[in-house]
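A closer look at the structure
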Amino acid sequence: MLLINNMNTSTLVLEKKVTKKTTRIKGSDAVLQCLIAEGVTTIFGYPGGAIMPIYDALYHYQDKLNHILTRHEQGAVHAAQGMARVTGKAGVCFATSGPGATNLITGIADAQIDSTPLVCITGQVPSHLLGTDAFQETDVMGISMPVTKWNYQVTRAEEIPYAIARAFYIANTGRPGPVLIDITKDAQFAEFDFTYDKCEKIRSYHPYPEALSSDLEAAANLINEAKKPYILVGQGVQLSGAENELIRFAEKTGIPMAATLMGLSGISTSHPLYVGYLGMHGNYGPNIKTNECDVLIAIGMRFDDRVTGDLDRYAKQAKVIHIEIDPSEIDKNVKTTVAINSDAKQALLGLLPLVNVSMHKDWIDEFHQCDKIEFDKVIDAELHPDSGEIKMAEVINRISKVTDGDAIVVTDVGQHQMVANRYYKFRKSLSCITSGGLGTMGFALPAAMGAKVGQPERTVIAVIGDGGFQMTIQELGTIRQSDLAVKILILNNNFLGMVRQWQQLFFEKRYSFTELDNPDFQMITKGYGIKAQKVEKREDLDQAIFDWLNCEGPALLEVVVEQEGNVFPMVPSGASVAEIRLD
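Cut-offs applied
- Residues numbered from 1 in each chain as written.
- Predicted model: local features only at pLDDT ≥ 70, side-chain atom pairs only at ≥ 80, totals over all residues.
- Heavy atoms only, no water.
- Helix = DSSP H or I, 4+ residues; strand = E, 2+ residues; numbered from the N terminus.
- Rg over C-alpha atoms; globule rule 2.2 N^0.38 Å.
- Buried < 20%, exposed > 50% of the residue type's maximum accessible area, 1.4 Å probe, protein only.
- Contact = heavy atoms within 4.5 Å.
- Areas by Shrake-Rupley, 256 points an atom, 1.4 Å probe, with all protein chains shown as cover.
- Domains from an automatic or database assignment.
- Buried area = accessible area lost by both parts, 1.4 Å probe.
- Expected span 1.5 Å × (residues − 1).
- Core = buried A, V, L, I, M, F, W, Y, C linked by side-chain atoms within 4.5 Å.
- Phe/Tyr/Trp six-rings, centres within 6.5 Å; stacked < 30°, edge-to-face > 60°.
- Polar contact = N/O pair within 3.5 Å; in protein donor to acceptor, adjacent residues only side chain to side chain.
- Patch = residues over 30% accessible without salt bridge, like charges linked within 9 Å, V, L, I, M, F, W, Y side chains within 5 Å.
- Salt bridge = Lys/Arg side-chain N within 4 Å of Asp/Glu carboxyl O.
- Lys, Arg positive; Asp, Glu negative; His and termini not counted.
- Charge placed at Lys NZ, Arg CZ, Asp CG, Glu CD.
- Pairing = 2+ DSSP bridges.
- Axes fitted to C-alpha atoms, helices over the stretch in contact; angles between N-to-C directions.

With that out of the way, let us pick up the overall build of the protein chain. If you tally the helices and strands in the protein chain, you get 23 helices and 20 strands. A globule of 583 residues ought to have a C-alpha radius of gyration of about 25 Å, and the protein chain, at 24 Å, matches this closely. For the C-alpha atoms alone, the extent of the protein chain along its principal axes is close to 70 × 65 × 40 Å. The proportion of buried residues among the 583 residues of the protein chain is 61%. For the protein chain, the share of sequence-separated contacts (at least 6 apart) that also reach a separation of at least 24 residues comes to 77%. About 23300 Å² of surface is accessible on the protein chain, with carbon and sulfur atoms providing 50% of the total.

Moving on: the domain arrangement of the protein chain. Interfaces are often described in size by the accessible area the parts lose on coming together. Domain parsing of the protein chain yields domain 1 (8–194), domain 2 (213–366) and domain 3 (390–562). Computed from C-alpha coordinates alone, the two centres of domain 1 and domain 2 are separated by 37 Å. Facing the seven residues of domain 1 at the interface are seven residues of domain 2. Buried surface at the junction of domain 1 and domain 2, summed over both partners, amounts to about 610 Å²; 54% is from carbon and sulfur atoms.

Relative to the 21 Å expected for 15 residues at 1.5 Å per residue, helix H3 (residues 73–87) spans 21 Å between its end C-alpha atoms, a close match to the ideal helical length. With respect to burial, H3 is a largely interior element, 14 of its 15 residues being buried. Gly88 sits one or two residues past H3 and shows a positive phi near 80°.

Let's shift gears to the environment of Asp197. Its location among the elements puts Asp197 in the loop between strand S8 (191–194) and helix H9 (213–225). In the structure, Asp197 is positioned 15 residues away from Leu212 in sequence and 33 Å away in space, judged by C-alpha atoms.

Glancing now at the nonpolar core. Grouped together as the largest cluster of nonpolar side chains are 83 residues, with contacts concentrated most on Ile231, Ile340 and Leu489. Both domain 2 (213–366) and domain 3 (390–562) contribute no fewer than three residues apiece to this core. Counting residues in hydrophobic clusters, the runner-up holds 48 residues, among them Leu104, Cys120, Val147 and Ile473.

Here we take up the packing of aromatic side chains. Across all of its chains, the model carries 12 aromatic pairs by this definition. Look at Tyr169 and Tyr205: their rings are 5.8 Å apart centre to centre, the planes differ by 90°, and that puts the pair in the edge-to-face class. Separated by 36 residues along the polypeptide, Tyr169 in helix H7 (residues 160–172) and Tyr205 in the loop between S8 and H9 bring together distant segments of the chain. Here Tyr169 and Tyr205 have matching classes, each one buried. Ring centres of Trp363 and Phe367 lie 5.0 Å apart, and the angle between their planes is 75°; this geometry places the pair in the edge-to-face category.

Let us look at the side chain of Thr403. Secondary-structure assignment places Thr403 in helix H16 (residues 392–403). Within the structure, the side chain of Thr403 is placed 2.6 Å from the side chain of Tyr424, a separation counted as a polar contact. Ignoring sequence-local partners within four residues, the contact set of Thr403 consists of Tyr424, Ile461 and Leu549.

Next up on the list: a negative patch on the surface. A surface patch of like charges, here negative, comprises Glu389, Glu515, Asp517 and Glu564. The residue Glu564 is located in the segment after strand S20 (555–560) in this model.

The buried fraction of strand S7 (residues 178–184) is high, at seven of seven residues. Neither face of S7 is exposed, since Pro178, Leu180, Asp182 and Thr184 on one face and Val179, Ile181 and Ile183 on the opposite face are all buried. Taken together, the seven bridges between strand S5 (residues 118–124) and S7 define a ladder with parallel strand orientation. Residue pairing in the sheet places Leu118 in a bridge with Pro178 of S7. With five bridges connecting them, strand S6 (residues 150–154) and S7 associate as parallel partners.

Before going further, it helps to examine the pattern of salt bridges. Oppositely charged side chains are able to pair whenever their charged atoms sit close together. In the structure shown here, the tally under the stated rule is 23 salt bridges. We note a salt bridge from Arg398 to Glu394, for which the minimum N-O separation is 3.5 Å. Remark: Glu394 and Arg398 occur in helix H16; sequence separation between them is four residues, near one turn of the helix. Residue Glu394 is classed as buried on the basis of its relative accessible area of 1%. Where salt bridges share partners, they join Arg175, Asp326, Glu329 and Lys332 into one cluster.

Right, let's get into the sheet that holds strand S9 (residues 229–233). What the six strands build is an open sheet, ordered S11-S10-S9-S12-S13-S14; its pairing is parallel. Bordering the open sheet on either side are strand S11 (274–277) and strand S14 (338–341), each of which pairs with just one other strand. Here the average twist between neighbouring strands, direction ignored, is 15°. Looking at chain direction, S9 and strand S10 (residues 257–259) are connected through three bridges and run parallel. Residue pairing for S10: Ile231 is matched across the bridge by Met257. Against the sheet, H9 makes contact with strand S12 (295–299), strand S13 (319–324) and S14, and its axis sits at roughly 135° relative to S14, the strand it touches most.

Attention shifts here to the side chain of Thr290. Along the chain, Thr290 turns up in the loop between helix H12 (284–288) and S12. Judged by its relative accessible area of 1%, Thr290 is buried. When near neighbours in sequence (up to four residues on either side) are disregarded, Thr290 contacts Tyr230, Leu278, Leu296, Tyr314, Ala315, Gln317 and Val577.

Moving on, we get to the sheet that holds S5. What the six strands build is an open sheet, ordered S3-S2-S4-S5-S7-S6; its pairing is parallel. Edge positions in the sheet fall to strand S3 (66–69) and S6, since each has one partner strand and no second. Direction aside, the axes of adjacent strands within the sheet are offset by 20° on average. Here strand S4 (residues 91–95) runs beside S5; their pairing, made up of five bridges, is parallel. In the strand pairing of S5, Gly91 is matched with Leu118. Lying over the sheet, helix H1 (residues 27–37) contacts strand S2 (42–45), S4, S5 and S7, oriented at roughly 165° with respect to S4.

Below, the structure written as structure tokens:
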């Protein structure tokens, strides 16, 4: 990601507008008034000594700001991510200094690689103690710099409006990302003459590069001449709000579309030009046809290794058009024939009048033939087992049908993540919420909380493995206290399933420390005052799913699934996408 230069407070120049009315308030009040001015309604956080002045001020703002007390700072940052992902606006979280701030780092790193806008505000020891190893002092600026789009340390109350305005502008514009503001305790206590102006421009930061007409024309020429063109849809389509423009472009040109993991739900899976899901555990056709297309059109995606496999054998026959807002991603992994450094929506609008009306029926039929191969060798057995243990895929398939693909599905990381994203039939945009680039176990439960706050009218389902669930299980307390009607699904195989799959396939079944002796999840969940049920027999599954989805408030459904089931297809690490395995 292209980072914004971090700025030390010594370089700050404050411009005072004497004509604007000011109010004399404390720094702690200023923080909250800035957030209100930015349209923030919900904050996720955990109090502590260094941020206590802000929390004391928050006591008087409860009619304007909803604060959700998580059970761990990692829960706060993942919840802020979940809210940001379903609303398209920066999520906000608070933490204190030292361990509070460092507990945010995993979520911040996750947000950075997955382009999620966040504003994280941490308390810090008083400015005169900086660098003295004071109690709960940590150099959060140095720690967070590699995983933030911008970070800033406030040591004077007067800097607070400037820093927060800049933070929201940077987090939300261009390629979104996380920012962190660290505020010393004395700056929170100090009074100053407060006024607030939203940031609308930063010198040397140009978040929306203009697509060059020459690049658009060159790309259109390649598309118009192509016999086997292929669109790869990344998350950038949803981040730029370009879903409609993508459909118009694809329908005019007749080009098949596949989605990356982060691009899922950007296109309805029912669209006739949608051919499936890309990546290591994606669909058969979308992977192998990458090495057979003649023009590859990548929109808002970064060609990560889970999509490309062996880069030396990736799409070497194709002319590559890369539409990407972040110039640092262009030519980083895959060399382009035509690069369009632009917002996806702007680029597609520019291409629409330049491309010809076309159809590629024979080419699309090749994908359908691959679908049949995959169905016969993989999908049929997964969705319609004759007997034996319950399979993850059949659980997801039944939930998809009952919800008609209309739910927000928040997945953790592992086999269940791949299965959920393969078999849930997404119909609406901003509905697939997952930890993509960082692959953070423990993400789903708190992220689902944030998603439910952001979209309270929609059904939010957290799909979690028995391993990941125990990493943030304490957030059941937040769900209960805040009365968040999240539907939690545990697919329990008593293993760290994805690691076990690799151990089976590539380490001669040496299951080294991947088997789990799990607790009674029902008892724990009920202990938090949340409804819970467990299914072990296939014949009980449909009724259990119905009861779980239709009960009021939060609920947990644990389904015991086959212990040693594997997720296929699979592109082995280091292999070409053409070497995808079906068994």
